[in-house]
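# Structural characterization, general
This is what each chain is made of:
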Amino acid sequence: MPQQNNLYKVIFPALITLLVVALLLSIRYGAVSLSMDEVLSSIQKLFAPTDEKTLNERIFTEIRLPRALLCVLVGASLAVGGGLMQALFRNPIVEPGLVGTSSGAAFGATLYFVLGATLKFNAGQWTLPLAAGLGAVLSTSMVFLLSKSSSNGRSSIVALLLTGLGVNALFMSGVGFMSYIARDPQARSITFWSLGNLSGANWESVEIVGVATLVCIIAAMRYAKQLNALMLGEDEAQLLGVSVKRLKMVVLLINVIMIATATAFVGIIGFIGLIVPHIFRILCGSDNRKLIPASALLGAILLTLADLLARMLLSPAELPIGIVTSVVGVPVFIFLLRRKNYLF
Amino acid sequence: MLTAKNITYSIGNSKLLDDVSVSFLPGKLNLVIGPNGAGKSTLIKVLSGQIKPQTGNVNIGGLDIASISLTEAAKVRSVLSQNIELAFPLKVSEVVMMGRYPHFTGAPTAKDDTAVEEAMHFFDIHAFAARDYMTLSGGEQQRVHFARVAAQIWYPVQNSCRYLILDEPLTFLDVRYQFEFMHKITALLQNADMLVVGVVHDLNLAAKFADIITLLHGGRILATGPRDEVLTTENIKTAYGLEPVIHRNENSMYLFFE
C-alpha cells in the first residue's frame, strides 16, 4: 500500500514532535502550573546553585524534569522490551515481563514492604529498587535454568514461554501470600507499587534507568535485522545466516536488563509493552529496524501523557499510572485493531 | 559440486538415512523422489546443513559443510522449506528482501534492491510487491518464497557454485504454476554455476523435467541416474508398492497407476 510508504516517511518526525509536546505538557502542568517563561528560566539555571532558584524553578529542576525524563525512559524500555519479546517468541500476545522479570520484581518489592522493617536490610532510597531488582534477577534466572532441555541443554522458545508462565504464576502467588499476611498500610503499598508509581523519580534514578535504557536500545537495534529473519521461523533464520541460539541469548538479556531496571524503580506498568509495538505494526508494518526506535518514541509519549493524566485527574491526589495506561490505552488499541485489517 | 558421503542419520532406533552417498552436479536439474518416509526431507536437511548426520559428511564446493559458518553458507546456498508461516504482517517486497539479508549489514545496497526487483519479476509477483503477505493465497505465498530464495543467490559468487535446495516446492501450486515453476528453474539452470536439488512428489513432473533422478526408499538410494534408468517398472514397484503403467513416446514418458 502506497499509503504505508508515506506514513513511513512522516512517522519519525511526527513522533519526535509529539514527544516534545508531551514533555512540555508534562513539565508545565501538575499540582502547580509553570509558565513557559518559568520553564525557560529554569532551563537556563539548570546547573545554578539551589539558593539562586525560585520555588517554581526548583519544582522544575528537582521534581518535574526528572519525573518526565523517567517517564520517557521507562516508556521506551517497556515498549521496546515488548517489541523484542514479541519478535523473539514470534507471538503477538507476549509482554516484556513474560520471562518472569516483572513478577520476580513484584515479589522482591512485596518482601520489602512486608518484612523490610523486620529484616533490618536497609540501603536507604535504594532498598526498594534493590529488592525488586534482585527479585527480577532471581525469577528470570529460574526461567532460564528450568527451561533448558535435559537432553541438549538448550531452551526452545516454547519451553521458555511455558516456563515463564509457570514461574510468573509461582511468584505472583508469593505476592498474593505476602499481601494476605500484610497489614493494611503495607497491603496498600503493594497495590500501589504493582500499578506503577513514578513519584519517587529523582536524578539518580534517571541516570541509572537512562544508562540501562540507552545501552539496551542501541544493542537491540543491532539485532533488528536478525529478528526480522526470525519472522520466517527459527530454521529459516538459520538458513539466512542467523545464529538463532546467540540471538535468543542476547535479546533475552537485553530485555531482562531493561525491564528489571525500569520495574525496580517504578513498579509494574502493564499494557504499554503489549500494545505499543502493535500500534506501530498496524500503522507501518512489522520491520523491526523501524519498529524498535518507533516503539521507543511511542512508548515514551504514551507513558509521559499517562503520567500527566495520573497527576491531573484527581489533583492534588495521584492515580496509579497503571490504571491510566490501561483505561486510555485499551480504547485506542481496540479502535486501531478494528479500523485496520490487522491480519494474523 | 555437492556431495554426500556415507550419510547415516537416525532418531532413536529408526534409521532415516542409511549409509547414503550421492553427488549432484551444477547445470543439471537433480530431483529426488520417493514414497512418504523414504528420507527425502531428511536428506535435504542434511545437504543444507540444518541437521548433522551421525556418520558421514557433506561436501559443498570442496569444503566440509560443518566447517562453513552460517553466514558464509547463506551467501552461496538457499533453501526453500515446507510450511513457512510468517509471524507478523510484512509487505511482499520485504519478505523477498530477507533473501538478501546475508549480503548486507544495515541498509540494503542498490545491488540488493535490484536483485529483489528482478527476482519478483522473474516469479511474476511484482504486481503485489506492496501487498501484505498475509492477504495472499497459499500459491501466491509460495511464489513469494521462490523469489526470496532466488534473490538470496541472485548473483554469481566468485570461486563457488550457487546452491538452490528445494523441499517439495510444488505444494500449494496448481498445474499451471507447477509447470511454470519447473520452466523457471530450468531457465535458472542456464547459469552453469547453478546447482539445483529438489524434492518432488509427482513422478511425471520428475520424468518431464529432471536431468538426474534419485529414488529414495527406506532411507537408502534405490536408484540414481537419467529417468530411463530410474523410473523402471521394477524400481517403482519396489519403492511405492504399486505397479505402474509406463508410456514412452519419442522424447517423453509418463506413468499412471491402475
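Source: prediction; values computed, not measured.

A word on the overall build of chain B. Helix and strand content of chain B: nine helices and 12 strands. Judged by the C-alpha coordinates and their principal axes, chain B covers about 55 × 40 × 35 Å. Counting all 258 residues of chain B, 53% fall into the buried class. Of the accessible surface of chain B, which amounts to about 11400 Å², a share of 51% is contributed by carbon and sulfur atoms.

Look at helix H12 (residues 272-284) of chain A: 18 Å from first C-alpha to last across 13 residues, which is about the 18 Å you get at 1.5 Å a residue. If you check which residues of H12(A) are buried, you get Ile272(A), Gly273(A), Leu274(A), Ile275(A), Val276(A), Pro277(A), His278(A), Ile279(A), Phe280(A), Arg281(A), Ile282(A) and Cys284(A).

All names here are of chain A. On the surface, Leu 309, Leu 313, Leu 314, Ile 323, Val 327, Val 328 and Val 332 cluster together into a nonpolar patch covering about 580 Å² of accessible area. Inspection of the secondary structure assignment puts Leu 313 in the loop between helix H13 (288-312) and helix H14 (321-339). Relative accessible area serves as the criterion here: at 54%, Leu 313 is assigned to the exposed category.

To continue, consider the interface of chain A and chain B. Counting residues at the interface gives 30 residues for chain A and 32 residues for chain B. Carbon and sulfur atoms make up 60% of the area that chain A and chain B hide from each other, which totals about 2500 Å². Interface area lost by chain A to chain B is led by Leu232(A), Leu239(A) and Leu240(A), which between them contribute 26%. Summed over the shared surface of chain A and chain B, the result is one salt bridge. Between Arg148(B) and Glu236(A) there is a salt bridge, with its nearest N and O atoms 3.7 Å apart. On inspection of chain A and its partner chain B, the count reaches 10 residue pairs in polar contact (both at pLDDT 80 or more).

The gaps of empty space that remain are located by a probe, the size of a water molecule, rolled over the atoms. Residue and element names in this part refer to chain B. The final tally for this structure, using the stated rule, is three cavities of 30 Å³ or more. Taken together, Phe 123, Arg 143, Phe 146, Leu 173, Tyr 177, Glu 180, Phe 181 and Lys 184 make up the full set of residues lining the largest cavity. Among the elements of the structure, helix H5 (138-152) and helix H6 (175-188) are those that each provide at least two residues to the lining of the largest cavity. A total of four residues in the lining of the largest cavity trace back to one element, the largest contributor, which is H6. When the residues that make up the lining of the largest cavity are grouped by side-chain class, the tally is five nonpolar, no polar and three charged.

Looking now at the side chain of Arg100(B). All names here are of chain B. Structurally, the position occupied by Arg 100 is in the loop between helix H3 (92-97) and helix H4 (110-122). For Arg 100, the side chain forms a polar contact with the side chain of Asp 112, separated by 2.9 Å. Not counting chain neighbours up to four residues away, the residues in contact with Arg 100 comprise Asp 112, Ala 115, Val 116, Ala 151, Gln 152, Trp 154 and Tyr 155.

The pairing of strands in a sheet comes from backbone hydrogen bonds and takes either a parallel or an antiparallel form. All names here are of chain B. Taken in spatial order, the six strands of this open sheet run E6-E7-E8-E3-E9-E10, and their pairing is mixed. At either margin of the open sheet sits one strand with a lone partner, and together these are strand E6 (77-80) and strand E10 (220-225). For this sheet, the mean angle separating the axes of adjacent strands, direction not counted, is 15°. With four bridges connecting them, strand E3 (residues 29-33) and strand E8 (residues 194-199) associate as parallel partners. The residue of E8 that forms the bridge with Val 32 is Val 199. Sitting on the sheet, H5 touches E6 and strand E7 (162-167), and the angle it makes with E6 is about 170°.

This part covers the sheet that holds strand E5 (residues 63-64) of chain B. Residues and elements named next belong to chain B. Overall, antiparallel pairing links the four strands, which are arranged E2-E1-E4-E5 in an open sheet. The sheet terminates laterally at strand E2 (14-24) and E5, the two strands that pair on one side only. Where strand E1 (residues 2-11) and strand E4 (residues 55-60) come together, five bridges link them in antiparallel fashion. By the bridge assignment for E4, Lys 5 is matched with Asn 57. Against the sheet, helix H1 (residues 40-47) makes contact with E1, E2 and E4, and its axis sits at roughly 60° relative to E2, the strand it touches most.

Pairing between side chains becomes possible if they bear opposite charge and their charged atoms approach one another. Per the stated rule, a full pass over the model turns up 19 salt bridges over all chains. Note that Asp307(A) is salt-bridged to Arg67(A), the shortest N-O span being 2.8 Å. Of this pair, Asp307(A) sits in helix H13 while Arg67(A) sits in helix H3 (residues 55-89), placing them 240 residues apart in sequence. Residue Asp307(A) is classed as buried on the basis of its relative accessible area of 1%. In this structure, the salt-bridge partner of Glu243(B) is Lys237(B), at a minimum N-O distance of 3.7 Å. Residue Lys237(B) is classed as partly exposed on the basis of its relative accessible area of 44%. Several salt bridges converge on common partners, so that one network encompasses Arg67(A), Asp307(A), Arg311(A) and Glu318(A).

Further remarks concern the nonpolar core. Core analysis: the largest hydrophobic core is formed by 100 residues, its most contacted members being Leu84(A), Phe89(A), Val96(B), Phe181(B) and Ile185(B). When residues no more than four places from it in sequence are discounted, the contact partners of Ile185(B) are Leu29(B), Leu164(B), Leu166(B) and Val196(B). Counting residues in hydrophobic clusters, the runner-up holds 50 residues, among them Leu78(A), Leu198(A), Val276(A) and Cys284(A).

Another point: the confidence of the model for chain A. Low-pLDDT stretches of the model should not have their predicted coordinates read in fine detail. Considering every residue of chain A, the mean pLDDT works out to 87; 94% of them sit at 70 or more. Taking the mean pLDDT of every element in chain A, the minimum, 82, falls on H14(A) and the maximum, 96, on helix H9 (residues 224-230) of chain A.

This paragraph deals with the packing of H3(A) against H12(A). All names here are of chain A. One can describe the packing of H3 onto H12 by two numbers: an axis separation of 7 Å at closest approach and a directional angle of 70°. Between H3 and H12, the angle falls in the class roughly perpendicular. Between H3 and H12, the contacting residues are Gly 75, Leu 78, Ala 79, Gly 82, Gly 83 and Gln 86 on the first element and Ile 272, Gly 273, Leu 274, Val 276, Pro 277, His 278 and Arg 281 on the second. Looking at the contact of H3 with H12, its residues break down into six nonpolar, six polar and one charged.

Enumeration according to the criterion identifies nine aromatic pairs over all chains in this entry. On the numbers, 5.1 Å between centres and 90° between planes, the contact of Phe122(B) with Phe123(B) is edge-to-face. Since its relative accessible area comes to 5%, Phe123(B) is described here as buried. Joined through ring pairs, the aromatic side chains of Phe122(B), Phe123(B), Phe146(B), Trp154(B) and Phe181(B) make up one cluster. One cation-aromatic arrangement involves Arg281(A) over Phe88(B); the distance from NZ or CZ to the ring centre is 4.0 Å. In this structure, Lys111(B) is placed above the aromatic ring of Tyr155(B), and the distance from its NZ or CZ to the ring centre is 4.8 Å.

Rules of the game
- Residues numbered from 1 in each chain as written.
- Chains lettered and ligands numbered in written order.
- Predicted model: local features only at pLDDT ≥ 70, side-chain atom pairs only at ≥ 80, totals over all residues.
- Heavy atoms only, no water.
- Helix = DSSP H or I, 4+ residues; strand = E, 2+ residues; numbered from the N terminus.
- Buried < 20%, exposed > 50% of the residue type's maximum accessible area, 1.4 Å probe, protein only.
- Areas by Shrake-Rupley, 256 points an atom, 1.4 Å probe, with all protein chains shown as cover.
- Expected span 1.5 Å × (residues − 1).
- Patch = residues over 30% accessible without salt bridge, like charges linked within 9 Å, V, L, I, M, F, W, Y side chains within 5 Å.
- Salt bridge = Lys/Arg side-chain N within 4 Å of Asp/Glu carboxyl O.
- Contact = heavy atoms within 4.5 Å.
- Buried area = accessible area lost by both parts, 1.4 Å probe.
- Polar contact = N/O pair within 3.5 Å; in protein donor to acceptor, adjacent residues only side chain to side chain.
- 1 Å grid on protein atoms, 1.4 Å probe; cavity = no way out; pocket = protein on both sides within 12 Å on 5 of 7 lines; lining within 4 Å.
- Points joined across faces, edges and corners; volume = space filled by probe spheres on them.
- Nonpolar A, V, L, I, M, F, W, Y, C, P; charged D, E, K, R; others polar.
- Pairing = 2+ DSSP bridges.
- Axes fitted to C-alpha atoms, helices over the stretch in contact; angles between N-to-C directions.
- Core = buried A, V, L, I, M, F, W, Y, C linked by side-chain atoms within 4.5 Å.
- pLDDT = per-residue confidence, 0-100.
- Parallel < 35°, antiparallel > 145°, perpendicular 65-115°, else oblique.
- Phe/Tyr/Trp six-rings, centres within 6.5 Å; stacked < 30°, edge-to-face > 60°.
- Lys NZ or Arg CZ within 6 Å of the ring centre and 35° of its normal.

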